[in-house]
Amino acid sequence: MRHLMSPLDFTTEELDKLFDLAAEIEADPERFAHVCDGKILATAFYEPSTRTRLSFEAAMLRLGGKVIGFSDAGSSSAAKGESVSDTIKVISQYADICAMRHPKEGAAFVAASKSEIPVINAGDGGHQHPTQTLADLMTIRSMHGKLSGFKIGLCGDLKFGRTVHSLINALVRYEGISFVFISPPELKVPDYIIDMLKEKNIPYTEVIKLEEVIADLDMLYMTRVQKERFFNEEDYVRLKDFYILTKEKMSMASKDMLVLHPLPRVNEISVEVDDDPRACYFKQVKYGMYVRMALIMTLLGINTEVNNA
Ligand code: NCD
């Protein structure tokens, strides 16, 4: 039985297969409309989410399966003091696969170690968010044509943003990637990530001003300042509008620079940028669903040749 805790749980070859399957699903969704008939996905969400939970639910429903779950800790037995380990043992009796989001780093790992069904980490605190990374990689592969040979700027909350941490971890396995980290000093990428880049000899720079580097980027990954992970409101208020990507800044960028964002957006991308053909963040949402469909099939061991007739 396999779980997905980190994007590194799959080799790059396995990821290629997963993205190929997601692309097949996108091209011919009808062929996959019943491959999960009779299967149940549980969504155990102890932390707010719109896109990730709905994306998992839509993915399972589009495969013909059904969904059960809870969308906040208050409506689950966690409110009565039940441990994650007990909850997953119970869910294992009801469902075939579980997507879990939890505010505590490592919660999904604990669940996976006690689970009788595959567990997907749908975000654990400020740590990892592997399925968002799958959506990001799928978007890059589709829009850029390959997962190698580009300079990516990551901008905003690089300290608490789990999507950023997962994406960097995943990208270092591809050839010719360099990173530009754009953040206020308070929200710099954590030391353990910098140490990993140094150890692997991967080029990176750290800057404060987006304007200074935007012209050199092949991709710009914008992120929201993670309000819920701040210890005090004052710091959040001071930093929340540090970056705002506007039409004017986009005019300084190359005509092919892709703009990605895991969403939700607050103010960091001005809505006037949405119509720019380089803005890919709503496409990311669509790819996120297809890649979750492919992931559910893969973890459930569903034969992809099924319904080929
Ligand atoms: C992200 C998350 O939850 O970490 N959202 C998402 O799942 N697409 C990003 C965020 O909340 O800023």
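Predicted model only: the values in this text are computed from it and were never measured. (Residues numbered from 1 in each chain as written. Predicted model: local features only at pLDDT ≥ 70, side-chain atom pairs only at ≥ 80, totals over all residues. Heavy atoms only, no water.)

Caption draft 1: Region of interest: the nonpolar core. Among the nonpolar cores identified, the biggest contains 63 residues, and Ile152, Leu154, Ile168 and Phe179 are the most heavily contacted of them. Ranked by residue count, the leading element in this core is helix 10 (residues 281–299), at 10 residues. (Core = buried A, V, L, I, M, F, W, Y, C linked by side-chain atoms within 4.5 Å. Buried < 20%, exposed > 50% of the residue type's maximum accessible area, 1.4 Å probe, protein only. Helix = DSSP H or I, 4+ residues; strand = E, 2+ residues; numbered from the N terminus.)

Caption draft 2: Representation of the site of the ligand within the structure. Contacts to the ligand come from Arg51, Thr52, Arg101, His129, Gln132, Arg162, Thr163, Arg224, Gln226, Pro262, Leu263 and Pro264. Within the side chain of arginine 224, an N or O atom sits 2.8 Å from an oxygen atom of the ligand. Protein chains shield 95% of the accessible area of the ligand, which is 310 Å² for the free molecule. Of the pockets mapped on this structure, the ligand occupies the largest pocket. For the shell around the ligand, the secondary structure elements donating two or more residues are helix 2 (51–62) and helix 6 (162–171). Among the residues making up the shell around the ligand, the classes are represented as 3 nonpolar, 5 polar and 4 charged. Two domains each put at least three residues into the shell around the ligand: domain 1 (7–128 + 287–300) and domain 2 (130–284). (Near = heavy atom within 4 Å. Polar contact = N/O pair within 3.5 Å; in protein donor to acceptor, adjacent residues only side chain to side chain. Areas by Shrake-Rupley, 256 points an atom, 1.4 Å probe, with all protein chains shown as cover. 1 Å grid on protein atoms, 1.4 Å probe; cavity = no way out; pocket = protein on both sides within 12 Å on 5 of 7 lines; lining within 4 Å. Sits in = over half its atoms within 2 Å of the grid points. Nonpolar A, V, L, I, M, F, W, Y, C, P; charged D, E, K, R; others polar. Domains from an automatic or database assignment.)

Caption draft 3: Examining the domain arrangement of the protein chain more closely. For the protein chain, the assigned domains read domain 1 (7–128 + 287–300) and domain 2 (130–284). Its C-alpha centre places domain 1 at a distance of 25 Å from the equivalent point of domain 2. Contact residues are listed per partner, giving 32 residues for domain 1 and 27 residues for domain 2. Here domain 1 and domain 2 share an interface that buries about 2400 Å² over both sides, 59% of which is from carbon and sulfur atoms. It is Pro7, Phe19 and Tyr287 that lose the most area in domain 1 upon contact with domain 2, and together they represent 29% of the buried surface on that side. In this structure, the connection of domain 1 to domain 2 is made through 3 salt bridges. Here domain 1 is connected to domain 2 by 14 residue pairs in polar contact (both at pLDDT 80 or more). At 8 residues, helix 1 (residues 12–27) tops the list of elements feeding residues into the side of domain 1 that touches domain 2. (Contact = heavy atoms within 4.5 Å. Buried area = accessible area lost by both parts, 1.4 Å probe. Salt bridge = Lys/Arg side-chain N within 4 Å of Asp/Glu carboxyl O.)

Caption draft 4: Focus on helix 3 (residues 84–94). Listed as buried for helix 3 are Val84, Ser85, Thr87, Ile88, Ile91 and Ser92. Looking straight down helix 3, one finds its buried side chains confined to an arc of 160 degrees; they lie on one side. Looking at helix 3, the residues exposed on the side facing more than 90 degrees away from the buried face are Gln93 and Tyr94. (Arc of directions from axis to C-beta.)

Caption draft 5: Structural context of the side chain of serine 178. Along the chain, serine 178 turns up in strand 6 (residues 177–182). With relative accessibility at 16%, the residue serine 178 sits in the buried group. Excluding residues within four positions of it along the chain, serine 178 makes contact with Phe150, Lys151, Ile152 and Pro203.

Caption draft 6: Molecular detail of the sheet that holds strand 2 (residues 66–70). Read across the open sheet, the 4 strands follow the order 2-1-3-4; overall the sheet is parallel. On the outer flanks of this sheet lie strand 2 and strand 4 (119–124), each paired with one strand and no other. Between one strand axis and the next, the sheet turns by 15 degrees as a mean value, whatever way the strands run. Sheet topology places strand 1 (residues 40–45) next to strand 3 (residues 97–102); 5 bridges connect them, and they run parallel. Opposite alanine 44, over in strand 3, you have methionine 100 as the bridge partner. Where helix 2 meets the sheet, it contacts strand 1, strand 2, strand 3 and strand 4, and its direction lies at approximately 175 degrees from that of strand 1. Of the strands in this sheet, strand 1, strand 2, strand 3 and strand 4 touch helix 3, which is tilted by about 155 degrees from strand 3. (Pairing = 2+ DSSP bridges. Axes fitted to C-alpha atoms, helices over the stretch in contact; angles between N-to-C directions.)

Caption draft 7: Structural detail: the pairing of strand 4. Counting buried positions along strand 4 yields 6 of 6 residues, so the element is predominantly enclosed. Across 4 bridges, the pairing between strand 3 and strand 4 is parallel. Bridging across to strand 4, methionine 100 finds its partner in asparagine 121. You can see the chain leave strand 3, run along helix 4 (residues 107–114) and come back into strand 4, and the turn it takes is right-handed. (Right-handed = clockwise from strand over helix to strand, strands pointing away.)

Caption draft 8: The environment of valine 207, seen in detail. Structurally, valine 207 is set in strand 7 (residues 204–207). Sequence-wise, valine 207 and proline 184 are 23 residues apart; in three dimensions their C-alpha atoms are separated by 8.2 Å. Setting aside chain neighbours within four positions, we find valine 207 in contact with Val180, Phe181, Ile182, Ser183 and Val213.

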